[in-house]
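# Overview (structure and organization)
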Amino acid sequence: MREIEFDPRMIGMVAALGVIWLGFNWLSDGAFLTPRNLWNLLVQTASIAVMACGMVLVIVTRNIDLSVGSMLGFVGMVVGLIQARLLPELLGFEHPATWFISILVSVALGGVLGLFQGALIAYLAIPSFIVTLGGLLVWRGAAWWVTQGQTIAPMDTRFRPLGGGIEGAIGTGASWAIGLVICALILAGIVLARRRRRRFGFGLRPIWAEGAIAALGCGAVLGTVMVANAYPLPAGVARRLVEARGLVWPEGGLTIGHGLAVPVLLALAVGIVMSFLTKRLRFGRYVFAIGGNPEAAQLSGVNTRKVLTLVFGLMGVLVGISACISTARLNAATNSAGALDELYVIAAAVIGGTSLAGGVGTIAGAMLGALVMQSLQSGMVLIGVDTPLQNIVVGVVLVVAVWLDGLYRRKLS
Amino acid sequence: MSLATARDIEPPPLVEMRDISIAFGGIKAVDTVSVDLKAGEVVGLLGHNGAGKSTLIKILSGAYRADAGEIRISGEPAVIANPRDAKRYGIETIYQTLALADNVDAAANIFLGRELLTPWHTLDDSAMESETRKVMGRLNPHFRRFKEPVKALSGGQRQSVAIARAIYFNARVLIMDEPTAALGPAETKQVADLILELKRQGIGIFLISHDLHDVFDLADRVSVMKNGRVVGTARTSDVTQDEVLAMIISGKCPAGATPGPGALRGQA
Ligand SMILES: Nc1ncnc2c1ncn2[C@@H]1O[C@H](COP(=O)(O)OP(=O)(O)OP(=O)(O)O)[C@@H](O)[C@H]1O
Ligand SMILES: [Mg+2]
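Residues numbered from 1 in each chain as written. Chains lettered and ligands numbered in written order. Predicted model: local features only at pLDDT ≥ 70, side-chain atom pairs only at ≥ 80, totals over all residues. Heavy atoms only, no water.

The next point concerns the overall build of chain A. In terms of helices and strands, chain A carries 15 helices and zero strands. Over its C-alpha atoms chain A spans a radius of gyration of 22 Å, differing by no more than 12% from the 22 Å that the globule rule assigns to 413 residues. Considered along the principal axes of its C-alpha atoms, chain A spans approximately 70 × 55 × 45 Å. Within chain A, the proportion of its 413 residues that are buried is 48%. For chain A, contacts bridging at least 24 residues in sequence account for 81% of all contacts bridging at least 6. Per element, the accessible surface of chain A, about 19300 Å² overall, is 70% carbon and sulfur. Between the centroid of the 28 positive side chains of chain A and the centroid of its 17 negative side chains there is a distance of 12 Å. (Helix = DSSP H or I, 4+ residues; strand = E, 2+ residues; numbered from the N terminus. Rg over C-alpha atoms; globule rule 2.2 N^0.38 Å. Buried < 20%, exposed > 50% of the residue type's maximum accessible area, 1.4 Å probe, protein only. Contact = heavy atoms within 4.5 Å. Areas by Shrake-Rupley, 256 points an atom, 1.4 Å probe, with all protein chains shown as cover. Lys, Arg positive; Asp, Glu negative; His and termini not counted. Charge placed at Lys NZ, Arg CZ, Asp CG, Glu CD.)

If you want it as structure tokens, here you go:
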């Protein structure tokens, strides 16, 4: 295990996910492992997964952000207001730029709110628990003030694909193309890393291990594409699609797959960018060093306050992206959007191996953690567990997962 | 007048700390301390626990800002507001606490804040690991655990990493706060040889140690501190170890030393 540099915790998570999926599939008489359910599962995971990426960095620096759910609610309301009330007046109803301006405003607003909280934490030395607990109350209140509690609907039609649904499925051909590009990138990454290590004369992984990693990675990507493509569009929608291209709808009908969903691709892109940021850029190195020993980072010349402020700013940007996803998914902006999301996001990061003591955590782990959480929840809905019991199960799983992780960690050291 | 002629012959010292004071909540940890260091010189800083040695050198390394006093580097007044400023003046420090980020590997620690980058501004981990192997080879040839977080290393190995970080960047001034406290005899010898080699290269070294023998072997001069003040400064050739021990314990300044503000007065 050691020489091939597999992370045993990651393998454990994938195994846990497998157990959960097979378990629910058995309990639901095969309804869990269907293209339809898995497609929806991924779409539902997207918003939490995006925010979990940022939460990893926050927790790695020994901080916490309790405000993300409320911030999502506030940003979502502002975005709803802008695209349903403000932009139609300024640019006209269903203007082609509306969706883009909405995303921009959402991301910028989230970033500014995050930077503001981060500055309070880093420069005024107020504990992040308190600042973001305050934020949890303030942003939720602010979300109500935007429209005095009114829900805003519907959203712009070009904005709605961000939330998934039929309009947010990119189709089978594009899905294969994206899948193949990702596979090519995985292979190129492996080859480049190997070449670098050889150039410096470091030890290389055995070829079979490289092959296994490549096969696993590409298999997961192409498997996901296959599942997404196997979920057929409703016949009416498929027919309209065909006819819109000027083709004739065949007698016996035709099945057209959904393909990957926009929010899932968005979450994937965020995951890749954030992984790159944490592993390959100086910023990520500083984040981890601060988590390991804040004093040492500072004595080494790292501007720890600036880095900390940026971490919270980044968290805010990701909240902005998630606000777009969930507003588009609901096709409405409500002031209660994102309620309790902070807990799911923190749970996803922690289940994914982020240590609350700081200094340890991975983006991939947190995204898998989000998928585990969502699988539990969706699975319970599918087999008809009522809401109070769902909460009890999720709570117990969180505690048990962190306990097991602690046992594992102690055994290592 | 004689001062002016002396200046003409001798270049100004590499480091001059003049009348430095700092207090923590009313406790004067360092009280009007003056020390200096020439290029190619090793100055031992001695004193009992809590005398203020670490605090003094942390002012030079940019970890603390002095409440009063002046620092001059090569005769020019220097502003050292943070560790980055100190490094810009070529001042590298091995802290008593080592100041390592436990969760990342040796290379990440050595290059923390000064990472090697690829042309695309990404971390060049392979280059950093390769450099780390070179510099660690000088200090601790048996070191192999390059990939592991520093947390997993022994006390001596951790200390070697901290020393490697200080010597890698071509320091002009090296501050070593108890650099061999966790090292075995072989590694301690290696560090002693290293100090002599760096000295030959013209680097000035502040060496803090509780081991009088070591200090007498390596240092050209010693400054003794007690309760935040300098008892006295002496060339190691002008005083005996017993006299220095007396300076540390009772604050009595012998004839061979220049007394400082902390010297015991009114006694023979
Ligand atoms: N950050 C701080 N806050 C408050 N007091 C401090 C701080 N740093 C040092 N002190 C105090 O300043 C005094 C000098 O401490 P310092 O660490 O400089 O001693 P030292 O000479 O290095 O001792 P040792 O030989 O034990 O390392 C001590 O009384 C200590 O308690
Ligand atoms: Mg000390």
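This part is about the overall build of chain B. When helices and strands are tallied, chain B shows nine helices and 11 strands. The C-alpha radius of gyration of chain B comes to 19 Å, within 12% of the 18 Å expected for a compact globule of 268 residues. Oriented by its inertia axes, the alpha-carbon framework of chain B measures out at about 65 × 40 × 35 Å. Put simply, chain B has 268 residues, and 53% of those count as buried. Look at the contacts in chain B between residues 6 or more apart in sequence, and 62% of them connect residues 24 or more apart. Only carbon and sulfur atoms are counted for the fraction: they give 52% of the accessible area of chain B, which is about 11900 Å². Charged side chains in chain B number 31 positive and 32 negative. The centres of these two groups are separated by 2 Å.

Residue and element names in this part refer to chain B. Domain assignment breaks chain B into domain 1 (13-90 + 171-268) and domain 2 (103-170). Domain 1 and domain 2 are separated by 27 Å when their C-alpha centres are compared. Contacts between the two partners involve 16 residues from domain 1, matched on the other side by 14 residues from domain 2. When the buried surface of domain 1 facing domain 2 is broken down by residue, Ala171, Gln190 and Leu194 rank first, second and third, together holding 36% of it. Here domain 1 and domain 2 share one salt bridge between them. Ionic pairing is found between Arg138 and Glu197, a salt bridge with its closest N-O pair at 3.3 Å. Where domain 1 meets domain 2, there are five residue pairs in polar contact (both at pLDDT 80 or more). Looking at the side of domain 1 that touches domain 2, the element that brings in the most residues is helix H7 (residues 185-200), giving six residues. Classifying every residue of the side of domain 1 that touches domain 2 gives nine nonpolar, two polar and five charged. (Domains from an automatic or database assignment. Buried area = accessible area lost by both parts, 1.4 Å probe. Salt bridge = Lys/Arg side-chain N within 4 Å of Asp/Glu carboxyl O. Polar contact = N/O pair within 3.5 Å; in protein donor to acceptor, adjacent residues only side chain to side chain. Nonpolar A, V, L, I, M, F, W, Y, C, P; charged D, E, K, R; others polar.)

Next up on the list: the site of ligand 1. All names here are of chain B. As a matter of local geometry, ligand 1 sits amid 14 residues, with Gly50, Lys53, Ser54, Thr55 and Gln96 nearest to it. Measuring from an oxygen atom of ligand 1, one finds a backbone N or O atom of Ala51 at 3.2 Å. The contact in question runs from an oxygen atom of ligand 1 to an N or O atom on the side chain of Ser54, over 2.7 Å. For ligand 1, whose unbound accessible area comes to 630 Å², protein coverage reaches 64%. Of the residues in the shell around ligand 1, the class split is four nonpolar, eight polar and two charged. (Near = heavy atom within 4 Å.)

Moving on, we get to a nonpolar patch on the surface. Residue and element names in this part refer to chain A. A cluster of nonpolar side chains, namely Leu389, Ile392, Val396, Val400, Trp403, Leu404 and Leu407, defines an oily patch on the protein surface of about 650 Å² accessible area. Along the chain, the position of Leu404 falls in helix H15 (residues 387-412). Owing to a relative accessible area of 47%, Leu404 belongs among the partly exposed residues under this scheme. (Patch = residues over 30% accessible without salt bridge, like charges linked within 9 Å, V, L, I, M, F, W, Y side chains within 5 Å.)

All names here are of chain A. With respect to the secondary-structure elements, Glu342 resides in helix H13 (residues 341-351). Arg140 provides the closest opposite charge to the buried, salt-bridge-free Glu342, at an N-O distance of 5.4 Å. At 3.3 Å, the side chain of Glu342 forms a polar contact with the backbone nitrogen of Gly69. Those residues within four positions of Glu342 in sequence are excluded, and the remaining contacts are Asp65, Leu66, Val68, Gly69, Ser70 and Leu136.

Attention shifts here to the interface of chain A and chain B. Between chain A and chain B, the contact holds 27 residues from the first and 33 residues from the second. Of the roughly 2500 Å² buried where chain A meets chain B, counting both sides, 55% is carbon and sulfur surface. Viewed at the interface, chain B and chain A are joined by four salt bridges. Among the salt bridges present, the one from Glu295 of chain A reaches Lys58 of chain B, with a minimum N-O distance of 3.9 Å. Tallying contributions element by element places helix H10 (residues 282-292) of chain A first for the side of chain A that touches chain B, with seven residues. Its residues assigned to classes, the side of chain A that touches chain B shows 11 nonpolar, eight polar and eight charged.

Looking now at the nonpolar core. Grouped together as the largest cluster of nonpolar side chains are 93 residues, with contacts concentrated most on Met55, Met274 and Val307 of chain A. At 15 residues, the largest contribution of residues to this core is made by helix H2 (residues 35-60) of chain A. Setting aside residues up to four positions removed in sequence, Val307 of chain A forms contacts with Phe283, Tyr286, Val287, Ile290 and Val302 of chain A. By size, the runner-up hydrophobic cluster in this structure holds 49 residues, among which are Val135, Phe143, Val239 and Met247 of chain B. (Core = buried A, V, L, I, M, F, W, Y, C linked by side-chain atoms within 4.5 Å.)

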